[in-house]
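Residue-level listing of the chains:
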Amino acid sequence: MHGTDSDGIITTGTTTVGLVGADGVVLAADSRASLGGRFVTNRTARKVVPVDDRTALTFAGSVGDAQSFVRRLRAELALYDMDHEPGASVDTAATVAADLIRRDPSPQLELVLGGVAPEPTVYQIDPAGGVMDAPIAASGSGMQLAYGYLEDAYDPEQSVAELRAVAAMAVRNATERDTASGDGMTIATITADELEREQYDGIERAVSAATTQPADSEVAR
Amino acid sequence: MNTSSRQQAYDRGHTIFSPDGRLYQVEYAREAVERGSPSVGVVTSEGVVLAARKRVRSPLLEPDSVEKIHRVDEHLAVATAGHAADARQLVEAARKRCQQHRLQYGEPIGVSVLASDLADHIQEQTQSGGTRPYGAAVLVGGVDPGPGPDPDSSPTPDDRSADEIESEPEHESATERTVQPALYEVDPGGTFYGWRGTAIGDGTAEIRSFLETELDGGDSTAETPSLTRDHGLSIALDALATTAADDRPLSPTTVTARVLGPGPESSSEQSTPVGDDELERVLAALESD
């Protein structure tokens, strides 16, 4: 959908999701990078990246724009942390991210930015720098497929342990029909205590890992 | 302009040499540093200890608002002496430089690289028109990544994140992290030197001779024996105490310290402030000696 195949720009056709839960935030994305969704250039791309202690983002769009953007956002937040109290809020991170995007002449980036700083929050940031908070957000070419599943399966009362499974299923369902998404998955689970990121080689492997509750997390009733 | 005022002019503009080749404005700036409360740096085998005295001029002054040691990156800190306002500008320049280095090269800046960049920036103010030299000196303390693990046991290409879209450095949590601590002094003239232990500000001469005795046993040819972080902290605070004669004894209100060295395994943070409890404990131990 970020149709720049004529320029040969590598894009992450992509399905990414961000979900707010009762005790944290889950971000997930597939791991395919492609040329206009027609040729797979990389099967283990990580499109969920931490940018601060308890804040991470997912990106869809041009890989080049994303890499440069993430470096700049990390630098801005590192400077913020030293000039202020450490730990910029998710709101602040979203504001800085949108500002960086607006400064870019033609950014091809759709972001989902989420974290627990101080409360579980997810923002959708569009290529024009628009910022909207939302309990569920999806981006990339598989967005509609992911939303279709999330509208039915998402429950804001759920814990991150349960939402990992919901996020993994949303990405899985999108990869079934969206040719620009697939191969593997990255899932980030953010709570007030930690930011944990897992990388899976196959889509089904990710789904089975995410649907099996981790031993140390609280199993919700 | 008459003859006598023209002869005086070399001590006004800092870009003008005196007949005997001195830059008086730069020397006056060094004088300003000498009047500032002292900062000390000690290199240990586990990291660098920075400590400084704070001038708390009134019991009503909030001690936390007197800042002497500043974190500038996760592995670096800067201790200052001299004009506090000038020092803050240098700290800001250092922080920006650290992030710029990460943006440009995708890796943290080295201790000596930051020191030389700061020195370049400071030197520029002694040679360009319309500026004055910084009335502050800084100690740059930090840790560079140590020699990596044995090349034979280094990760195979498959383990490496060559296929990663992001450029996040992976933490070497599995292997023990080794570090190379380094300490540099940058003065208002823009020269920088590496030290195993030194001070800037008021009482520098006493502190330095104290450190020479403590770290070398007075023998300048001796190698520093391996020094623990705790021992380094104790020496740094003891050094500051040598200048405290006419002042109140050191307390967590009037002294501040930070250690640059490996932090918790799970974190890449290597710049840790020393807590009031520990300061209290170390100062009490020094007192009872």
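In this numbering scheme, every chain counts its residues from 1 along its sequence in written order. The order in which chains are written sets their letters, starting at A; the order in which ligands are written sets their numbers, starting at 1. Predicted model: local features are reported for residues with pLDDT of at least 70 only, side-chain atom pairs are reported and counted for 80 or more only, and whole-chain, interface and lining totals are derived from all residues. As a rule here, side-chain values cover all heavy atoms of the structure and leave hydrogens and water aside.

**Q** Any chance you could explain the overall build of chain A here in plain terms?
**A** Each helix and strand counted, chain A has five helices and 13 strands in total. Relative to its 221 residues, chain A shows a buried fraction of 57%. Sequence-distant contacts in chain A: of pairs separated by 6 or more residues, those separated by 24 or more amount to 66%. Just so you have it, chain A exposes about 9,100 Å², and 48% of that area is on carbon and sulfur atoms. Only DSSP runs of H or I with at least four residues qualify as helices, and only runs of E with at least two residues qualify as strands; both kinds are numbered from the N terminus onward. The buried label goes to any residue with under 20% of its type's maximum accessible area, the exposed label to any with over 50%, and the partly exposed label to all in between, with areas taken from a 1.4 Å probe on protein chains only. Throughout, a contact is declared for two residues whenever any of their heavy atoms are within 4.5 Å. For every accessible area listed, the method is Shrake-Rupley and the probe measures 1.4 Å; residues are considered covered only by the protein chains on display.

**Q** Even after reading the chapter, I still don't get the overall build of chain B, so can you show me in this structure?
**A** What chain B contains, in helices and strands, is seven helices and ten strands. For chain B, the residues scored as buried account for 44% of the 289 residues in total. For chain B, long-range pairs separated by at least 24 residues make up 70% of all intrachain contacts whose partners lie at least 6 apart in sequence. Working note: accessible area of chain B is about 15,200 Å², and carbon and sulfur atoms make up 48% of it.

**Q** Looking at this model, I keep getting lost on the packing of aromatic side chains. Mind explaining?
**A** For any pair of aromatic rings, the description rests on two quantities: the centre-to-centre distance and the angle between the ring planes. All names here are of chain B. Working definition: a ring pair exists when centres of Phe, Tyr or Trp rings (six-membered ring for Trp) sit within 6.5 Å. Plane angles under 30 degrees give stacked, over 60 give edge-to-face, the rest tilted. Considering all chains together, one arrives at two aromatic pairs over all chains under this definition. Taking 6.1 Å as the distance between ring centres and 35 degrees as the angle between the ring planes, the aromatic pair formed by Y24 and Y28 counts as tilted. Within this pair, Y24 and its partner Y28 are both found in helix α2 (residues 24–34), separated by four residues, close to a single helical turn.

**Q** Is there a simple way to think about the pairing of strand β8 (residues 109–116) of chain A in this case?
**A** Residues and elements named next belong to chain A. Among the eight residues in β8, eight count as buried, and that is most of the element. Going residue by residue along β8, you find L109, L111, L113 and G115 tucked away on one face and E110, V112, G114 and V116 tucked away on the opposite face as well. Where β8 and strand β9 (residues 120–125) come together, six bridges link them in antiparallel fashion. When the bridges of β9 are listed, L111 appears paired with I125. What sits between the antiparallel neighbours β8 and β9 is a turn of three residues. Pairing between two strands requires that DSSP report at least two bridges joining them.

**Q** Would you explain the UniProt feature "active site" (unreviewed entry) in chain A in this entry?
**A** Within this numbering scheme, the UniProt entry marks T14(A) as carrying the feature "active site" (unreviewed entry). Residue class for T14(A) comes out buried when judged on its relative accessible area of 0%. UniProt positions are given in the numbering used here, feature names are shortened, and annotations may be inferred rather than shown by experiment.

**Q** Just to check I follow, could you spell out the nonpolar core for this structure?
**A** If you look at soluble globular proteins, the nonpolar side chains tend to sit buried side by side. To qualify as a nonpolar core, a set must consist of buried Ala, Val, Leu, Ile, Met, Phe, Trp, Tyr and Cys residues joined through side-chain atoms within 4.5 Å. Core analysis: the biggest nonpolar cluster contains 36 residues, and V17(A), L19(A), L27(A), L150(A), M185(A) and I187(A) have the highest contact counts within it. Contributing elements (two or more residues each) for this core: β2 (16–20), β3 (24–30), β8, β11 (136–139), α3 (143–153), α4 (160–177), β12 (185–191) and α5 (203–211) of chain A. If you tally residues by element for this core, the top one is α4(A), at eight residues. What L27(A) contacts, discounting residues up to four positions off in sequence, is V17(A), G18(A), V48(A), A56(A), L57(A), T58(A), V112(A), G114(A), T186(A), I187(A), A188(A) and I190(A). Membership of the second largest hydrophobic core comes to 25 residues, among which are A239(B), V259(B), L283(B) and L286(B).

**Q** So what exactly am I meant to see when it comes to the side chain of D73(B) here?
**A** Relative to the elements of secondary structure, D73(B) occurs in strand β3 (residues 69–73). The definition of a polar contact used here is a pair of N or O atoms within 3.5 Å, where within protein one atom must be able to donate a hydrogen and the other to accept one, and adjacent residues in sequence count solely through side-chain atom pairs. Side-chain polar atoms of D73(B) contact the side chain of R102(B), separated by 3.0 Å. Setting aside chain neighbours within four positions, we find D73(B) in contact with M82(A), C98(B), Q99(B), R102(B) and S271(B).

**Q** Sorry if this is basic, but what is going on with the pattern of salt bridges here?
**A** When charged atoms on two side chains of opposite charge get close, those side chains can pair. Residue and element names in this part refer to chain B. Here a salt bridge means any side-chain nitrogen of Lys or Arg lying within 4 Å of a carboxyl oxygen belonging to Asp or Glu. Applying the stated criterion across every chain, the model contains 20 salt bridges over all chains. A salt bridge links E74 to R102; its shortest N-O distance comes to 3.4 Å. Of this pair, E74 sits in the loop between β3 and β4 (76–82) while R102 is found in helix α3 (residues 84–105), placing the two residues 28 residues apart along the sequence. A relative accessible area of 22% means that E74 is categorised as partly exposed. Between E92 and K96 there is a salt bridge, and its shortest N-O distance comes to 3.9 Å. Of the two residues, E92 and K96 are both situated in helix α3; the distance of four residues between them amounts to about one turn of the helix.

**Q** What exactly am I supposed to notice about helix α1 (residues 63–83) of chain A here?
**A** Residues and elements named next belong to chain A. Its 21 residues place the ends of α1 30 Å apart at the C-alpha level, agreeing with the 30 Å of an ideal helix rising 1.5 Å per residue. Turning to α1, its buried residues are V63, D65, A66, F69, V70, L73, A75, L77, A78, L79, D81 and M82. Measuring from the backbone nitrogen of G64 back to the side-chain oxygen at the start of α1 gives 3.3 Å, which picks out S62 as the cap. The span expected for a helix works out to 1.5 Å for each residue beyond the first.

**Q** Can you walk me through the sheet that holds strand β6 (residues 179–186) of chain B in this structure?
**A** By definition, the strands of a sheet pair up through backbone hydrogen bonds, in either a parallel or an antiparallel sense. Residue and element names in this part refer to chain B. Read across the open sheet, the five strands follow the order β3-β4-β5-β6-β7; overall the sheet is antiparallel. Edge positions in the sheet fall to β3 and β7 (192–194), since each has one partner strand and no second. Taking each pair of neighbouring strands and ignoring which way they run, the sheet shows an average axis angle of 25 degrees. A fitted line through C-alpha atoms serves as each axis, taken over the contacting stretch for helices, and the angle formed by two N-to-C directions is quoted from 0 to 180°. The sheet strands contacting helix α4 (residues 111–124) are β3, β4, β5 (136–145), β6 and β7, and the helix crosses β5 at an angle near 155 degrees.

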